[in-house]
Amino acid sequence: MTDTARNADTVAASAGTDRGIDGDWVSRLADEVVVEAKRRGMDTIVCASGISPSGPVHLGNLREVITPHLVADEIKRRGIACEHIMSWDDYDRFRKVPFGVGVDESWNQHIGKPLTSVPPPPGSAHDSWAEHFKAPLVDALTRMGIEFRGISQTQQYTSGAYREQILHAMRERAHIDEVLGRYRTKAADPAAVVAGQAKKLDADQEAAAAEAAEGSGAASEDDGTAATGYYPYKPYCDVCQRDTTTVTAYDDETTALTYTCACGHGRTVLLSESNHGKLVWKVDWPMRWAYEGVVFEPSGVDHQSPGSSFVVGGQLVREIFGGERPVGPMYAFVGIKGMAKMSSSKGGVPTPAEALEIMEPAILRWLYARRKPSQSFDISFGQEIQRLYDEWDALVRKVTGDSAQPGDLAAYQRASSTAAGELARTPHPLPFRTLASVVDITTGHDDQTLRILSELDPDDPLASLDEARPRLTCAENWVDTQVAAEDRTRVRAEPDAELLTGIGESEREELRVLLEGHADPALPRLDDAWSLDGLTTQVYGVPKVLRDIEADAKLRDPELSKAQREFFKLVYRLLIGKETGPRLPTLLLAVGLDRTKALLGH
Ligand SMILES: [Zn+2]
């Protein structure tokens, strides 16, 4: 382990588990939640997330989970009992067949059934649609150190756990209808609200907004109004299993509920016995706030417009269920750079599991921890990920060097650890862009990769590739999946004889100095410069020493810069047949000494 990593451990450990972390949005929200829980006289604070596993749960929906996670985690760090519950809205109706998840239009026949009653895509290891999309998210959350108690709403409804609440809501249906009526005229189209709040949505953001609405409860669900009267409960049909039902009569005394279904079936059931249906979303959500005693639950902008479920729910929880609305900040959408392109080609927005293929868990946490929920941001799977790793490494250096600002330090601590301990980290973290270049060139040959990575810094070599993982694995996955074939680097098999013959005398001299060195000003032979630092000085030094400038001199000279660029182009062309490529020192290490010499004509 490097000193950097060791120091980082110490800093994170010193965050402690009884006093929390200061100075960021998470600690301020936690303050508010703790005060609210005290006012309510609660022993264990409940923070909640709700996820509808209606398709791949994407990175935008991760904010629904990670915001309560961070707040709950901060409360736990303070030594206060706290639980993060995850409501799986898997009893929601299957609304549409998502594109690109490997099912054909025959799945249309399942629209209207509970997500747990829809078969999974072909080849799935899971029993249902809901389980199929839940499982990879649970796995990703575990890898990110996010602890929660999952609550299946299918389990809750079908076991009769909400029986009293349902019967109560039916008795109070006129009251509920009246509350909803206060907002119906103010209700706005969720898409218009989103557009109004986040002006100038580009194609990527619009796609993200649409996807987020799909995965975060029932944005478009009806509120129970029908020509036959207002009923806050919707049965699933006993014949076709769909919710294409209409309640036509209800008797408060006997709890006899009569419904008809679009399939032609019609029936009377006793609500005191039947467990085959659910409260409509706008009533279901506040019912559960009261049932679980939720003190903190954020929601997306689509849920917080006038007449939206969060606002109406605040009235219903108090007037109908005798509970209180949670502290619930609005969170902005997370955009994915290049998503519009991905959506049309792959049919989906990246999921947390896909992000973890190319990002260390701490870095993925950091993206969310460092910004207030109200700030939107983009996640890039493209070239920018290299800068993201650079920024993270710079933060780690600041933290270990004791020069991090309080806000930066807090974000670092929340990213790299939880109240339960440290997240797994890469023992020997090398720069991501270097790893990506090396992987690109070696095309994943482990022996060659280990040789090159060990030569980067001969004073601190890698004993095995495992020391560079999981970051190295992330770089491998990124190069495999995100770097276009035409951007890959292919080292020439044979020297470019034509180019070598055609170059001028000065270029020939540059190549000779690169390989054999220079006496005064001094530059070593290439063999003796064989490390990342050594080669950096070497390649920049060649045009310098040929102009009587010391190789390590720091100066700005446009003429010299131009000469360096021309020289690099020549070397790139000779090594990989292109004028640009990975950073030259990395490329040289990757190509290896003997092959470099051969390709440069010696
Ligand atoms: Zn039916």
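All figures in this text were calculated on a predicted structure; none of them were measured in a lab. (Residues numbered from 1 in each chain as written. Predicted model: local features only at pLDDT ≥ 70, side-chain atom pairs only at ≥ 80, totals over all residues. Heavy atoms only, no water.)

Undergrad: Looking at this structure, how should I read the overall build of the chain?
TA: For the chain, the helix and strand inventory stands at 25 helices and 17 strands. The buried share among the 602 residues of the chain stands at 52%. A separation of at least 24 residues holds for 71% of the contacts in the chain among residues at least 6 apart in sequence. As displayed, the chain has an accessible area near 25,800 Å², and 48% of this comes from carbon and sulfur atoms. (Helix = DSSP H or I, 4+ residues; strand = E, 2+ residues; numbered from the N terminus. Buried < 20%, exposed > 50% of the residue type's maximum accessible area, 1.4 Å probe, protein only. Contact = heavy atoms within 4.5 Å. Areas by Shrake-Rupley, 256 points an atom, 1.4 Å probe, with all protein chains shown as cover.)

Undergrad: It is not clear to me how a negative patch on the surface should be interpreted in this structure. Could you clarify?
TA: Taken together, the side chains of Asp-457, Asp-459, Asp-460 and Asp-533 define an acidic patch exposed on the protein surface. Its location among the elements puts Asp-460 in the loop between helix H18 (446-456) and helix H19 (471-482). Classification of Asp-460 as partly exposed rests on a relative accessible area of 33%. (Patch = residues over 30% accessible without salt bridge, like charges linked within 9 Å, V, L, I, M, F, W, Y side chains within 5 Å. Salt bridge = Lys/Arg side-chain N within 4 Å of Asp/Glu carboxyl O. Lys, Arg positive; Asp, Glu negative; His and termini not counted. Charge placed at Lys NZ, Arg CZ, Asp CG, Glu CD.)

Undergrad: I'm lost on helix H22 (residues 532-545) in this one. Help?
TA: The periodicity of an α-helix, 3.6 residues per turn, causes residues three or four positions apart to be oriented the same way. If you check H22, its first and last C-alpha atoms are 19 Å apart, about what 14 residues at 1.5 Å a residue would give, namely 20 Å. The largest bend in H22 comes to about 30°, at Val-539, with the proline Pro-543 one to four residues further on. On its buried face, H22 sits against helix H21 (505-516), helix H23 (558-576) and helix H24 (584-591). (Expected span 1.5 Å × (residues − 1). Bend = angle between axes of the 7 residues up to and from the residue.)

Undergrad: Sorry if this is basic, but what is going on with the packing of helix H10 (residues 281-292) against helix H11 (residues 309-319) here?
TA: A pair of packed helices can be characterised by two numbers: the angle between their axes and the separation between those axes. Packing of H10 against H11 leaves a shortest axis separation of 8 Å and a crossing angle of 55°. As the angle between them shows, H10 and H11 are arranged oblique. Viewed along their axes, H10 and H11 form a crossing whose handedness is right-handed. The segment H10 lies against H11, with Trp-281, Lys-282, Val-283, Trp-285, Pro-286, Trp-289 and Ala-290 engaging Ser-309, Phe-310, Gly-313, Gly-314, Leu-316 and Val-317. For the contact of H10 with H11, the residue count by class is nine nonpolar, three polar and one charged. (Axes fitted to C-alpha atoms, helices over the stretch in contact; angles between N-to-C directions. Parallel < 35°, antiparallel > 145°, perpendicular 65-115°, else oblique. Left-handed = near helix turned anticlockwise from the far one by under 90°. Nonpolar A, V, L, I, M, F, W, Y, C, P; charged D, E, K, R; others polar.)

Everything listed here is a matter of coordinates, which is why it stays silent on function.
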